[in-house]
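What follows is the residue order along each chain.
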There are 2 protein chains.
Amino acid sequence: MTQPQSVGVVTAQKAVFDQPISLACGTTLPRYELVYETYGQLNADKSNAILICHALSGNHHVAGKYAETDKATGWWDNMIGPGKPIDTNRFFVIGLNNLGGCHGSTGPSSIDPETGKPYGSRFPLVLVRDWVETQARLADSLGIDRFAAIIGGSLGGMQALRWTISHPQRVRHALVIASAPKLTAQNIAFNDVARQAILTDPEFHGGDYYEHGTVPRRGLRLARMLGHITYLSDDGMGEKFGRLLRSGEYKYGFDVEFEIESYLRYQGDKFSTLFDANTYLLMTKALDYFDPSRDYEGDLSKALAQTAAKFLVVSFTTDWRFSPSRSREIVKALLDARKDVSYAEIESQHGHDAFLMEDPAYHGVMRAYLNRIAEEIAR
Amino acid sequence: MTQPQSVGVVTAQKAVFDQPISLACGTTLPRYELVYETYGQLNADKSNAILICHALSGNHHVAGKYAETDKATGWWDNMIGPGKPIDTNRFFVIGLNNLGGCHGSTGPSSIDPETGKPYGSRFPLVLVRDWVETQARLADSLGIDRFAAIIGGSLGGMQALRWTISHPQRVRHALVIASAPKLTAQNIAFNDVARQAILTDPEFHGGDYYEHGTVPRRGLRLARMLGHITYLSDDGMGEKFGRLLRSGEYKYGFDVEFEIESYLRYQGDKFSTLFDANTYLLMTKALDYFDPSRDYEGDLSKALAQTAAKFLVVSFTTDWRFSPSRSREIVKALLDARKDVSYAEIESQHGHDAFLMEDPAYHGVMRAYLNRIAEEIAR
C-alpha cells in the first residue's frame, strides 16, 4: 500500500442554475449558484462519483489546499485523497457548499438580483430535501446519473439519507455518519438558544445587518460556544481541560479562569468573524425540520421502503449530540424495511466531533467499506 | 398519619450583621444583611433546627405563602410543612437568601453605603465557603449551636457539604441532593456561555447597569434558557415536548415552531424580569470555584476526614447536570474517610429538576431519614 497523500492544490468551481427551484417552504428561487470542488477523475462510465455532504458549518473545501504554502486544508482532508479511505485514485469526489451557505453558493449574504442588495431576511429557509434537489441538479450538470456513494456526517448524514428516499435510483451507497433520523426536543432546544442569541443581538436588524454595516457577532459567538459544548463529550472535555486553570490560581473575576473557558471563547471569537449569522440560522432550521418519517405517519421504515441504496451507518460511543442510539434507530428502520445495512459503533473519546477525526478503527471501517464499493463498480 | 399541610402564611425576617466579613476572594464586606424565613418551633435545647441552602436561582422563601390568597408557594413547599418529609411539627426550619442574592439579602443590586449607589461591579465574588460563614453567623444570632440537619440540592448540596468541613461540630446530618464534589469542564463550559451572554449584552455596562437605567435582559434570558436545558433530561424533555408543533404545521420561520421553543423562551422571558444578572453571574462563579478537595491535594476523602456529620447523599438517574456518578464520588470519598453515609439513587424522568419534585420514592427516602434524625435528637 502506498503512503496516503493529499489531493494537493485544488480550485473551487462554480455552477450556475438558471432553472427556478421550488423550495419546501413554498418560495421559488429563480436562479442560484453553487460552488464546488472535485478531487480525482470521473471514469468513462461515470460510475465512480462520490458526493460529500457538509454539516452545519462546513463547505465545499473538503480536501486539499488552495496554495502549496497554505497551512489549512479542507475539513475532511484526513479522509479524502490518494490512498486515503475515500481514495481519489479510485473515486471522483465532489464537495459543494449548500444553497444558503456563506462560502460562495447563493445564500443570505449574496446579492439578490431583484433588489441589488444582499438577500438578508428575504432569503428563504432551505430544507434538507431542497439541498438534495440542488445537489441532484449539480450531478446532472456533471453528467452523473448515479453516485457510487453519498457520504455525510451529522447534518451531512441527513442529506445522504434523504437522497436515498428522494432519488432511490441515483445512490448506490449511502454512508450516514454520526447522524440521527430527526432531532430530539433537547437537540431543538440547543438550536433555539443559539438562534435566540443571534436573533436578539441588537446588531442583527431582523437579518438585514448587511445594509446596516453591522454583524451580530456577539450572538454568533455565543451560538458557536454553545455548539462546541455539544460537539465534545463530557469525558473528552474532562480529559483535555478538566479544571485546569489558566494561571494556576483563582483570580476571582470574569476573565478566563479555566482553560475550557479560554478554548470556548477562542472558538466563538474565531467563528464569529468567519461565518454568516443568517446561514447559521438557516442550517439550524434545516436540522430542526429534518424528519423523513413525517410524510409516512412517523414510521421511518415506511419512508425508507422505497430506497434502493446499500447503507453504512456509523456512530461514536461518546457522541451525545447524536448518540449511537439515534443511529441504531436508522439501522432498525432499515432492517425493518429489509434493506442492506452495515453498522459500526466506534469507541471514541471525541464526542460528536469524532466523525471529523482520524481514528484507526473509524478509518478502517470507512476504508473497508469504500473498497467494497470500488470493487462493486469495477465489476 | 395526619394529612401533610402547608406551613401557611409566613413572613420574611432580616438579620443585620455589623461585624465585617473577610471573603475568600480577599475583599472584606464591612456590613451585610440576610433575609430569612423560619417554619416550626425551635425546641428548648435548640437541637431541632434545620438549615435549607438554596441553589442557583433560589431564595429564602422555601415554604408557605405570603398571603392566604397567594397562589405561589415557596420553592420547596412540597417537602416542608406539618406532616411533610421535613416535618415542621418536629423541626425548626430556616431558609435564607444567600449573600450576593437578589431577594433581599445584601447583593450587587443593594445600595453600597459607601457610595449611596448600587454595588454593581463593585460587589465581590462570594464563594460557597463564604456563604457557610454567613450562615453560621445567622445561626449564632438565632442561638443555634448545632444543626440537626443542613439540607440542600445542587449548589445547596455543596453548601451542606462545605458546612461539614468548615464547622464539623455544628452539623449533625448533611443531606446532599443532586449535587457534585466539583464541576466538570462541561459544567464550567455551560456556565461560561451563560456568563458570556450576560457580560456581552450591551445593556450590561460592566455590571453597573443599575446606574444606566438598563437591564441586560437578553443575556439573562439566554442564560436561563440554556440553564433549563441542563435541568431537564433528554428523555423527560422528549416525553413532555418531543417534536410537538405549536400549530401542527411547519411555518418555516423563526417564530415558535416546536413547543419546546415556546417553553424555553417563556422560562427565559419570565426569569429575565425577576432575577438580577449580577447575582446570576456570582452564583455561577460560586459553582465553578467550589472544590473542597483543592486544599487537600485534590483528595476529597482527606477534605472530609475532619467531618463529624452523618450524610445522606441522593441522586437522580436522568440528572446529567450532576449525574449519579458525581454523587457516588462523594459517597466513595466519605466511605474512604470512614464516615457514616447513606446513598439513594432515585429513578426519575425529571433530570436535575427532580430534586424539586414530589416523587414518592424520593420523598419516602427523605421522610425516613428525617424520622431517624427526629428520633436521634429526641433521645
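Residues numbered from 1 in each chain as written. Chains lettered and ligands numbered in written order. Predicted model: local features only at pLDDT ≥ 70, side-chain atom pairs only at ≥ 80, totals over all residues. Heavy atoms only, no water.

What about the interface of chain A and chain B?
Part 1: With 54 residues of chain A at the interface, the matching set in chain B holds 55 residues.
Part 2: Taken together, the two surfaces of chain A and chain B that pack against each other cover about 4700 Å², and 65% of this comes from carbon and sulfur.
Part 3: Sorting the residues of chain A by area buried against chain B places Arg243, Tyr252 and Phe254 of chain A first, and these three jointly supply 16% of that buried surface.
Part 4: The tally of links from chain A across to chain B stands at 6 salt bridges.
Part 5: Two residues, glutamate 261 of chain A and arginine 195 of chain B, come together in a salt bridge whose shortest N-O distance is 2.8 Å.
Part 6: Remark: the boundary between chain A and chain B carries 23 residue pairs in polar contact (both at pLDDT 80 or more).
Part 7: Those elements giving two or more residues to the side of chain A that touches chain B turn out to be helix 3 (185–199), helix 5 (217–231), helix 6 (234–240), helix 7 (259–274) and helix 8 (277–289) of chain A.
Part 8: Looking at the side of chain A that touches chain B, the element that brings in the most residues is helix 3 of chain A, giving 11 residues.
Part 9: A breakdown of the residues in the side of chain A that touches chain B according to their chemical character gives 30 nonpolar, 8 polar and 16 charged. (Contact = heavy atoms within 4.5 Å. Buried area = accessible area lost by both parts, 1.4 Å probe. Salt bridge = Lys/Arg side-chain N within 4 Å of Asp/Glu carboxyl O. Polar contact = N/O pair within 3.5 Å; in protein donor to acceptor, adjacent residues only side chain to side chain. Helix = DSSP H or I, 4+ residues; strand = E, 2+ residues; numbered from the N terminus. Nonpolar A, V, L, I, M, F, W, Y, C, P; charged D, E, K, R; others polar.)

Description of the domain arrangement of chain A
All names here are of chain A.
Part 1: Taken domain by domain, chain A comprises domain 1 (13–182 + 292–378) and domain 2 (187–284).
Part 2: Distance from the C-alpha centre of domain 1 to the C-alpha centre of domain 2: 26 Å.
Part 3: Contact with domain 1, which involves 33 residues of that partner, is made by 26 residues of domain 2.
Part 4: Buried area between domain 1 and domain 2, both sides added, is near 2400 Å², and the carbon and sulfur share of it is 59%.
Part 5: Where domain 1 touches domain 2, the interface holds 3 salt bridges. (Domains from an automatic or database assignment.)

Here we look at helix 10 (residues 324–336) of chain A
Residue and element names in this part refer to chain A.
Part 1: Taking 1.5 Å of rise per residue, the 13 residues of helix 10 would be expected to cover 18 Å, and the 18 Å separating its terminal C-alpha atoms lies within 8% of that figure.
Part 2: Looking at helix 10, one finds that the buried residues are Pro324, Arg326, Ser327, Ile330, Val331, Ala333 and Leu334.
Part 3: Elements in contact with the buried residues of helix 10: helix 2 (155–166), strand 12 (173–177), helix 3, helix 9 (300–304), strand 13 (310–316) and strand 14 (341–346).
Part 4: Of the residues one or two after helix 10, arginine 338 is the one with positive phi, at around 60°. (Expected span 1.5 Å × (residues − 1). Buried < 20%, exposed > 50% of the residue type's maximum accessible area, 1.4 Å probe, protein only.)

As for the pattern of salt bridges
All names here are of chain B.
Part 1: For the coordinates displayed, the defined rule picks out 50 salt bridges over all chains.
Part 2: A salt bridge links arginine 195 to aspartate 192, with the nearest nitrogen and oxygen atoms 3.5 Å apart. Taken together, the positions of arginine 195 and aspartate 192, both in helix 3 (residues 185–199) and 3 residues apart, correspond to about one turn of that helix. Neither arginine 195 nor aspartate 192 differs from the other in exposure class; each is buried.
Part 3: A salt bridge links aspartate 288 to arginine 195; the shortest N-O distance between them is 2.6 Å. Here arginine 195 lies in helix 3 and aspartate 288 lies in helix 8 (residues 277–289), a separation of 93 residues in the sequence. Judged on exposure class, the residue aspartate 288 and its partner arginine 195 are both buried.

Some remarks on the environment of asparagine 98 of chain A
Residue and element names in this part refer to chain A.
Part 1: With respect to the helices and strands, asparagine 98 occurs in the loop between strand 8 (92–96) and strand 9 (111–112).
Part 2: Sequence separation between asparagine 98 and phenylalanine 147 is 49 residues; the distance between their C-alpha atoms is 18 Å.
Part 3: At 3.1 Å, the side chain of asparagine 98 forms a polar contact with the side chain of glutamine 159.

Details of the relation of the copies chain A and chain B
Note: a rotation about an axis with an accompanying shift along it relates these two copies of the chain.
Part 1: After a rotation of 180° and a shift along the axis of 0.0 Å, chain A superposes on chain B with an RMSD of 0.0 Å. In short, the pair behaves as if placed about a two-fold rotation axis. (Least-squares fit on C-alpha atoms with pLDDT ≥ 70 in both.)

Thoughts on the sheet that holds strand 14 (residues 341–346) of chain B
Each strand in a sheet pairs with another by means of backbone hydrogen bonds, the pair being arranged parallel or else antiparallel.
Residues and elements named next belong to chain B.
Part 1: If you trace the 8 strands from one edge of the open sheet to the other, you get 1-4-8-5-11-12-13-14, paired in mixed fashion. Across the chains shown, the open sheet's two edge strands, defined by having one partner strand only, are strand 1 (13–17) and strand 14. The mean angle between the axes of side-by-side strands here comes to 20°, regardless of whether they run parallel or antiparallel.
Part 2: Note: strand 5 (residues 49–53) against strand 11 (residues 149–153), 4 bridges, orientation parallel. By the bridge assignment for strand 11, isoleucine 50 is matched with alanine 149.
Part 3: Across the face of the sheet, helix 1 (residues 128–141) comes into contact with strand 1, strand 4 (32–39), strand 5 and strand 8 (92–96) while running at roughly 60° to strand 4. (Pairing = 2+ DSSP bridges. Axes fitted to C-alpha atoms, helices over the stretch in contact; angles between N-to-C directions.)

Some points on the pairing of strand 8 of chain A
Residue and element names in this part refer to chain A.
Part 1: With 5 of 5 residues buried, strand 8 lies mostly within the body of the structure.
Part 2: Burial of the side chains of strand 8 extends over both faces: Phe92, Ile94 and Leu96 are buried on one face and Val93 and Gly95 on the other.
Part 3: In this structure, strand 4 (residues 32–39) lies alongside strand 8, joined through 4 bridges in antiparallel fashion. From the neighbouring strand, glutamate 37 faces strand 8, where its bridge partner is glycine 95.
Part 4: Bridge count for strand 5 (residues 49–53) against strand 8 is 4 bridges, and the pairing is parallel. Paired with isoleucine 50 across the two strands is valine 93, which belongs to strand 8.

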